[in-house]
Amino acid sequence: MVQGDALQPTDVKNPDYFHKVVDCQWACPAHTPVPEYIRLIAAGRYSDAYMVNWESNVFPGILGRTCDRPCEPACRRSRVEEENNPKPEPVAICRLKRVAADYKDDIRGRLPKKGKSNGKKIACVGAGPASLTVARDLAPLGYQVTIFDQDPRAGGMIWSQIPRFRLPLEVIDEEVGYILDIGVEFKGGVKIDSMKKLMAEGYDALFIGSGAPRGRDLDIPGRKEGAKNIHIGIDWLSSVSFGHTSRIGKRVIVLGGGNTAMDCCRTSKRLGGEDVKVIVRSGFEEMKASPWEKEDAQHEGIPILNYLVPKKFVVEDGRLAGMVFEKVKAVLENGRRNLVPTGEPDQHFDCDDVLVAVGQENAFPWIERDAGIVFDKSNMPVVDKATMQSTAPNVFFGGDAAFGPKNIIWAVAHGHDAAVSIDKLLNGENIAERPAPGVSLMSQKMGIHEWSYDNEIHADTRYKVPWRDIKITLKNVKAEVELGFDVATAWKEAQRCLNCDVQTVFTDRLCIECDACVDICPMDCISFTPNADEKELRNKLNAPARNLTQDLYVSGPLKTGRVMVKDEDVCLHCGLCAERCPTGAWDMQKFLLEMTNAGPGCRSHRQKKAA
């Protein structure tokens, strides 16, 4: 971008430039066009909004309740409110996704059908979100996809580990059913115990989406003696989902600071736990659990105790009676943060049961080490991060099985990438040549001062999703806690979106440098200035551009020799610059990015023509 000292004009033809300005979509692993579906919700077009989501993230109703929301910390709404709001909050992107799912019509007629057979067979191991995404992408193309899972129903960790009070079973069955109904064969209750045997069954490609099925244990004194009442968190949650476990002791300690720990403590509260506490070795802010997961647990009266390291399980008369912890503090040593003992007396807590949720591990005992798949020092398969291909050319990995525990939306993204690779591989193409996304820019001009989208900036703060009465939810493990937005509140929350995908596009040859756009911009993000290197330019703008993660929009040289520089970071996309411009040098153009999924669009020109 830099030539000499001066910044070169921004290449807006690069798909990544305007994509990066749509911060929420850029942050989403599946690149869901967030502002597009939020506008559809505001227009009452819930089915259309659902389908926009379904095309990219596959599970709108599930993710609308459980997504880890990487889009929301990226939301520009928080940044532009910083000056006037002590606690700026992003648009409720995730919960608006649920709105589309809650209020849609019957969309089954809009889903793809199974394609005419192309003679190619694909096996997917594990029926979680990654495998289901692969099947969703490949079955309509004519591939015969078979999914194997040791559990009797499809969904993987979506149904076995996420509690029903967060995600009702009917939502899972509906959205998993949409995929299986495309003609995908599901073989439940079938445990694959040999990769070499599976490889010999004539499949053209294999996808491994078996998750990270093993919870880490805690090897400290008393573990074996108290084993009857010490449970591995993810296994215990699965047992609850299966209906095998329906009660727990009154005094429960949950060890761990991730989302699984939050699910464990909240589930315990519903199965008879009266004194339930979460104990973590880190500080509250360092916990891996999402902020809202921690808030939900605390709302239900569950304390979170920090800086306590487990020392031993206390067993009395052959039964678990409590735990002993060492008090620690965080200290910086040689630039590293370490936990060191405070010297205070050990702390003892009585308990009847302990749930260990200190992390998850991958387990591949069924993949023989001479099957042609190379594993690294961490006993993880060596997987290409772009193609999801292992060292065995026709074996692909995705989801937690590929790179360790993450979340559903990452598993979906892996599934899309693997499906593209499988489709290219089985059409004789180089899978390393990844297809560029489709991009379009369309002017929203309806008149001199009118746009085809609502560009009014609403000052409302974030609306809260209503909860069912806690007296009901804490007595029933299946009673969904969040009730979702009603139509009126969903509309109001949708109005908080800044329409970041409607881009301010500048044509330098039309500019007469009247500075009218500078005068009217409410965020002072437009400047006309002599060019310079990036560091100097960022500091000499009308409002210094401090966020280095967001590029500057720089025009070509204008008639005076100056350039137009716009700080994309805090732009409201309000269109006032385009309304005020007397020559039309500014325009508001809707940017639409469509990721290229498996199919003719992902193949070379020759293959596209043949298709």
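Since the structure is predicted, the reported quantities are computational estimates derived from the model, not experimental observations.

K.L.:
I'm lost on the sheet that holds strand 3 (residues 121-125) in this one. Help?
P.N.:
Each strand in a sheet pairs with its neighbour through backbone hydrogen bonds, running either in the same direction (parallel) or in the opposite one (antiparallel). Spatially, the five strands line up as an open sheet ordered 5-4-3-6-18, and their pairing is parallel. Only two strands of the sheet have a single partner each, and these edge strands are strand 5 (185-188) and strand 18 (395-397). Averaged over all neighbouring strand pairs, the angle between strand axes comes to 20°, with direction disregarded. Here three bridges tie strand 6 (residues 205-208) to strand 18, and the two strands are oriented parallel to one another. When the sheet's bridge partners are listed, L206 is paired in strand 18 with V395. In the packing of helix 9 (residues 129-138) onto the sheet, the strands contacted are strand 3, strand 4 (144-149) and strand 6, and the crossing angle to strand 4 comes to about 165°.

K.L.:
Quick question: what am I supposed to make of the environment of E175 here?
P.N.:
Within the fold, E175 resides in helix 11 (residues 169-180). For E175, a relative accessible area of 1% puts it in the buried group. As a C-alpha pair, E175 and C28 span 147 residues in sequence and 20 Å in three-dimensional space. In contact with E175, not counting residues within four places along its chain, are Y50, F59, P60, G61 and I62. Side-chain polar atoms of E175 contact the backbone nitrogen of G61, separated by 2.7 Å.

K.L.:
I tried to follow the pattern of salt bridges on my own but got confused; where do I start?
P.N.:
Once their charged atoms are close, side chains differing in charge can pair, the charge on each being opposite to the other. Under the criterion given, the structure shown has 45 salt bridges. Its salt-bridge partner being R79, residue D569 comes within 2.7 Å of it at the nearest N-O pair. Taken together, the positions of D569 in the loop between strand 23 (563-567) and helix 22 (576-580) and R79 in helix 7 (residues 76-80) put the pair 490 residues apart, joining distant regions of the chain. The same class applies to D569 as to R79, namely buried. One salt bridge connects E493 with R496, and the closest N-O pair in it is separated by 2.9 Å. An identical accessibility class is assigned to E493 and R496; each is buried.

K.L.:
Which parts of the structure should I look at to understand unusual backbone geometry?
P.N.:
Negative phi values dominate among residues other than glycine, just as trans dominates among peptide bonds. In this model, N379 sits at a positive phi of 65°, which is unusual for a non-glycine residue. As for its placement among the helices and strands, N379 is situated in the loop between strand 17 (360-361) and strand 18. Assessed through its relative accessible area of 39%, N379 is described here as partly exposed. Non-glycine residue D515 carries a positive phi angle of around 65°. With a relative accessible area of 26%, D515 lands in the partly exposed category.

K.L.:
Just checking my understanding: could you explain the packing of helix 3 (residues 34-42) against helix 8 (residues 93-103) for this structure?
P.N.:
The packing of two helices is summarised by the inter-axis angle and the distance between the axes. Helix 8 packs onto helix 3 with a crossing angle of 50° between their chain directions and a minimal axis gap of 10 Å. Relative to helix 8, helix 3 is oriented oblique. Our pair here, helix 3 against helix 8, has a crossing hand that is left-handed. Judged by residue contacts, V34, Y37, I38 and I41 of helix 3 engage I93, L96, K97, V99 and A100 from helix 8. By residue class, the composition of the contact of helix 3 with helix 8 is eight nonpolar, no polar and one charged.

K.L.:
Explanation requested: the pairing of strand 21 (residues 526-529) in the structure shown.
P.N.:
For a regular strand, side chains alternate in direction, first toward one face of the sheet and then toward the other. The side-chain alternation of strand 21 yields two buried faces, one formed by I526 and F528 and the other by S527 and T529. Across four bridges, strand 21 lies against strand 23 in antiparallel orientation. Bridged to S527 within strand 23 is V565.

K.L.:
Would you mind showing me how to read the environment of L271 here?
P.N.:
With respect to the helices and strands, the residue L271 is situated in the loop between helix 14 (259-270) and strand 10 (275-279). In this structure, the C-alpha to C-alpha distance between L271 and P345, residues 74 residues apart in sequence, is 33 Å. With sequence-adjacent residues up to four places away left out, L271 is seen in contact with W236, V240, T245, S246, R247, I248 and V477.

K.L.:
In this structure, what is going on with the side chain of H573? I would like to understand it.
P.N.:
In this fold, H573 is placed in the loop between strand 23 and helix 22. Engagement of the side chain of H573 in a polar contact is seen with the backbone oxygen of C500, the distance being 3.5 Å. When near neighbours in sequence (up to four residues on either side) are disregarded, H573 contacts V21, R76, Y453, N455, L498, N499, C500, V502, Q503 and M588.

K.L.:
It is not clear to me how the packing of aromatic side chains should be interpreted in this structure. Could you clarify?
P.N.:
Enumeration over the complete set of coordinates arrives at 11 aromatic pairs. Their ring planes at 70° and their centres at 5.1 Å tell us that W159 and F242 sit as a pair that is edge-to-face. Residue W159 is found in helix 10 (residues 157-160), and its partner F242 is found in helix 13 (residues 233-242); the two are separated by 83 residues along the sequence. Here W159 falls in the buried class, since its relative accessible area comes to 4%. Three or more aromatic residues joined by ring pairs form one cluster here, namely Y17, F18, Y553 and F591. For the cation-ring pair, K104 lies above Y50, with the distance from its terminal atom to the ring centre recorded as 4.9 Å. Directly above the aromatic system of F375 lies the positively charged group of R369, at a separation of 3.8 Å from the ring centroid.

Conventions used here
- Residues numbered from 1 in each chain as written.
- Predicted model: local features only at pLDDT ≥ 70, side-chain atom pairs only at ≥ 80, totals over all residues.
- Heavy atoms only, no water.
- Pairing = 2+ DSSP bridges.
- Helix = DSSP H or I, 4+ residues; strand = E, 2+ residues; numbered from the N terminus.
- Axes fitted to C-alpha atoms, helices over the stretch in contact; angles between N-to-C directions.
- Contact = heavy atoms within 4.5 Å.
- Buried < 20%, exposed > 50% of the residue type's maximum accessible area, 1.4 Å probe, protein only.
- Polar contact = N/O pair within 3.5 Å; in protein donor to acceptor, adjacent residues only side chain to side chain.
- Salt bridge = Lys/Arg side-chain N within 4 Å of Asp/Glu carboxyl O.
- Parallel < 35°, antiparallel > 145°, perpendicular 65-115°, else oblique.
- Left-handed = near helix turned anticlockwise from the far one by under 90°.
- Nonpolar A, V, L, I, M, F, W, Y, C, P; charged D, E, K, R; others polar.
- Phe/Tyr/Trp six-rings, centres within 6.5 Å; stacked < 30°, edge-to-face > 60°.
- Lys NZ or Arg CZ within 6 Å of the ring centre and 35° of its normal.

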